[in-house]
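# Structural characterization, general
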Amino acid sequence: MIELESQENKVVDSLGRPLRDLRISVTDKCNFRCTYCMPAELFGPDYEFLPKEKLLSFEEITRLVQIFSRLGVEKIRLTGGEPLMRKNLDSLVGMIKQVEGIDDIAMTTNGSLLSEKVNALKQAGLKRVTVSLDSLDVGRFGQLNGRGYQVEDILHGIEVAAAAGLDVKVNMVVQRGINDQDILPMAKYFFEKGHTLRFIEFMDVGNSNGWKLDQVLPSRSILEKIHEEMPLEPVEPNYYGEVASRYRYKGTDKEIGFISSVTQAFCSTCTRARISAEGHLYLCLFASGGVDLRTPLREGKTDEEMLEMIRKIWEKREDRYSEIRLSNTTGLDRKKVEMSHIGG
Ligand SMILES: Nc1nc2c(ncn2[C@@H]2O[C@H](COP(=O)(O)OP(=O)(O)OP(=O)(O)O)[C@@H](O)[C@H]2O)c(=O)[nH]1
Ligand SMILES: C[S@@+](CC[C@H](N)C(=O)[O-])C[C@H]1O[C@@H](n2cnc3c(N)ncnc32)[C@H](O)[C@@H]1O
Ligand code: SF4
Ligand code: SF4
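Rules used in this analysis
Residues numbered from 1 in each chain as written. Chains lettered and ligands numbered in written order. Predicted model: local features only at pLDDT ≥ 70, side-chain atom pairs only at ≥ 80, totals over all residues. UniProt positions renumbered as here; feature names shortened; annotations may be inferred. Helix = DSSP H or I, 4+ residues; strand = E, 2+ residues; numbered from the N terminus. Rg over C-alpha atoms; globule rule 2.2 N^0.38 Å. Buried ≥ 20, exposed ≤ 12 C-beta atoms within 10 Å, placed from the backbone. Contact = placed C-beta atoms within 7 Å. Near = placed C-beta within 6 Å. Nonpolar A, V, L, I, M, F, W, Y, C, P; charged D, E, K, R; others polar. Arc of directions from axis to C-beta. Core = buried A, V, L, I, M, F, W, Y, C linked by C-beta atoms within 7 Å. Pairing = 2+ DSSP bridges. Right-handed = clockwise from strand over helix to strand, strands pointing away.

Under the annotation held in an unreviewed UniProt entry, the protein chain carries the name GTP 3',8-cyclase and is attributed to Ammoniphilus resinae. In its Catalytic activity (unreviewed entry) section, UniProt records this for the protein chain: "GTP + AH2 + S-adenosyl-L-methionine = (8S)-3',8-cyclo-7,8-dihydroguanosine 5'-triphosphate + 5'-deoxyadenosine + L-methionine + A + H(+)". Check the Subunit (unreviewed entry) section of the UniProt entry for the protein chain; it says "Monomer and homodimer."

This is the structure:
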């Protein structure tokens, strides 16, 4: 009976896309100042982050996860800001783990606090972690993260996470002329270590990174560069709507991936909803605004009322920003939510 009910609740948007993934930002704060996400000039000492009372509590997040799971969500990704800056995150993981229907809990992190926190997270039920790392070069990495953080600390965090039994991936944002010389060293290093590396095309998210198309190195060029030295072959997607195109190093079972949101948009299979740290629901990474879920939650709306509200919002969804932008080389002229606010 419960199974039947949950099937009935599954929802698709106006373009026929189901709701499967929920990406939850647990904080808007970050210890890094990556130049393409939270440039230090704009996110300086006077920048006002959300006060604690505006953040969704762990109980509120868990309640939303329960409601979203009834609508079809199976996969939760915790993000930020830097998710590991939120205290006791392992408690939240443990609470989400109890929710029926959720079979995958993952986290995207800059990795700087990973080594000290990952064991508790794994024990609580975290299954996978994606660590963002844009260079193995000490000087370049320090510059890119805006705060001089050390590559070796991130690499150590990655190994501690893998040793704890987590499935680890590494994400590298590539900017032409900034870190394209790091592509091959990164590919070789993570091939040796056996962790899947994914290259992300630099995107025109937010309003603060001064994005221009000529700063994007298309995935096709990156693939060709690697293939010349380390031959690759394509692999079938793992699941419907997978963001990364997967490749295998020929003759091995080691993989690499390409997230080509600028040159090969994947909106037609986009199953992702996002919730900001203050509890706003966003239907696209490039949305101008979100829908406030925190207020109705705190006003005492029932689960059924919340579920109906979210269902209606998803049913009307028609976002497909990256597909529309394909024909526009400067990005679309609209106010966009900041990446650090909804977590990528
Ligand atoms: N344009 C666009 N980019 C996305 C979207 N989802 C993810 N990305 C980009 O891809 C990056 C990698 O995503 P991850 O956080 O690793 O999640 P994932 O690729 O869903 O991870 P897996 O579950 O391991 O397949 C994000 O940080 C974004 O930069 C999306 O819906 N649209
Ligand atoms: C916003 S961060 C949040 C989680 C965590 N702080 C981290 O860096 O992994 C999530 C991801 O978004 C990516 N990202 C941020 N700005 C981007 C941009 N302009 N283009 C492409 N990816 C971007 C980051 O590299 C990171 O992999
Ligand atoms: S990409 Fe992640 S680590 Fe870098 S500033 Fe943004 S939120 Fe922080
Ligand atoms: S641009 Fe928007 S609709 Fe397209 S894949 Fe990304 S989040 Fe989904």
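Following the structure, the description resumes.
## Digging into the overall build of the protein chain
Within the protein chain, the secondary structure is distributed over 12 helices and 12 strands. Over its C-alpha trace the protein chain gives a radius of gyration of 19 Å, about what one expects of a compact globule, namely 20 Å for 344 residues. Dimensions of the protein chain, computed from the C-alpha atoms along their principal axes, are close to 55 × 45 × 40 Å. Buried positions account for 41% of the 344 residues belonging to the protein chain. Across the protein chain, contacts joining residues at least 24 apart in sequence account for 75% of those joining residues at least 6 apart.

## Let's talk about the site of ligand 3
The immediate surroundings of ligand 3 are formed by Cys30, Phe32, Arg33, Cys34, Cys37, Met38, Gly80, Gly81, Glu82, Asn110, Ser132 and Ser340. Looking at the shell around ligand 3, its residues break down into five nonpolar, five polar and two charged.

## Describing the UniProt feature "binding site: [4Fe-4S] cluster 2" (unreviewed entry) in the protein chain
If you check UniProt for "binding site: [4Fe-4S] cluster 2" (unreviewed entry), the listed places come out as Cys267, Cys270 and Cys284 in our numbering. Judged by maximum C-alpha separation, these annotated positions cover 18 residues in sequence but sit close together in space, the widest gap being only 9.3 Å. Among the secondary structure elements, Cys267 is positioned in the loop between strand E9 (255-259) and strand E10 (272-275). Ignoring any residue separated from it by four or fewer positions in sequence, one finds Cys267 in contact with Arg320, Ser322 and Glu323. Positionally, Cys284 belongs in the loop between strand E11 (280-282) and strand E12 (291-292). With near-sequence residues (within four places) excluded, Cys284 lies in contact with Asp319 and Tyr321.

## Some details on helix H4 (residues 114-124)
Three or more residues of H4 are buried, namely Leu114, Lys117, Val118 and Leu121. Burial along H4 is one-sided: seen end-on, the buried residues are contained in an arc of 115°. Backbone geometry just downstream of H4 places Gly125 in the positive-phi region, at approximately 130°.

## Section: the nonpolar core
Residues Leu22, Leu71, Val131, Met172 and Val174 are the most contacted members of the largest nonpolar core, which totals 84 residues. The contacts of Val174, once residues within four sequence positions are left out, are Asn179, Asp180, Ile183, Phe199, Ile200, Glu201, Phe202, Leu217 and Ile222.

## Here we look at the site of ligand 4
Near ligand 4 the following residues occur: Phe266, Cys267, Cys270, Arg272, Cys284, Leu285, Phe286, Asp319, Arg320, Tyr321 and Ser322. Split into classes, the residues belonging to the shell around ligand 4 amount to seven nonpolar, one polar and three charged.

## Some remarks on the pairing of strand E5 (residues 167-174)
Within E5, six of the eight residues are buried, leaving the element largely enclosed by the surrounding structure. In this sheet, strand E6 (residues 196-201) lies alongside E5 in parallel orientation, the contact comprising six bridges. Within E6, the position partnered with Val173 by the bridge is Ile200. As a crossover connection, the stretch from E5 through helix H7 (residues 183-193) into E6 is right-handed.

## What to know about the environment of Leu293
By the element assignment, Leu293 lies in the loop between E12 and helix H9 (294-298). Residue Leu293 is classed as buried on the basis of its 24 C-beta neighbours within 10 Å. Sequence separation of Leu293 and Gly94 is 199 residues, and the distance between their C-alpha atoms is 22 Å. Contacts of Leu293, omitting those with residues within four sequence positions, involve Leu64, Ile275, Gly279, His280 and Leu281.

## Regarding the sheet that holds strand E2 (residues 75-79)
Within the open sheet, the 12 strands sit side by side as E7-E8-E9-E6-E5-E4-E3-E2-E1-E10-E11-E12. Their pairing is mixed. Two strands close off the open sheet at either side, each with one partner strand: strand E7 (232-235) and E12. Sheet analysis places E6 next to E9, joined by four bridges and oriented parallel. Residue pairing across strands places Phe199 opposite Phe258, the latter belonging to E9.

## Some points on the UniProt feature "domain: Radical SAM core" (unreviewed entry) in the protein chain
Taken from the UniProt record, the annotation "domain: Radical SAM core" (unreviewed entry) applies to residues 14-233. Strand forms 17% of residues 14-233 and helix 34%; the C-alpha atoms that close the span are 35 Å apart.

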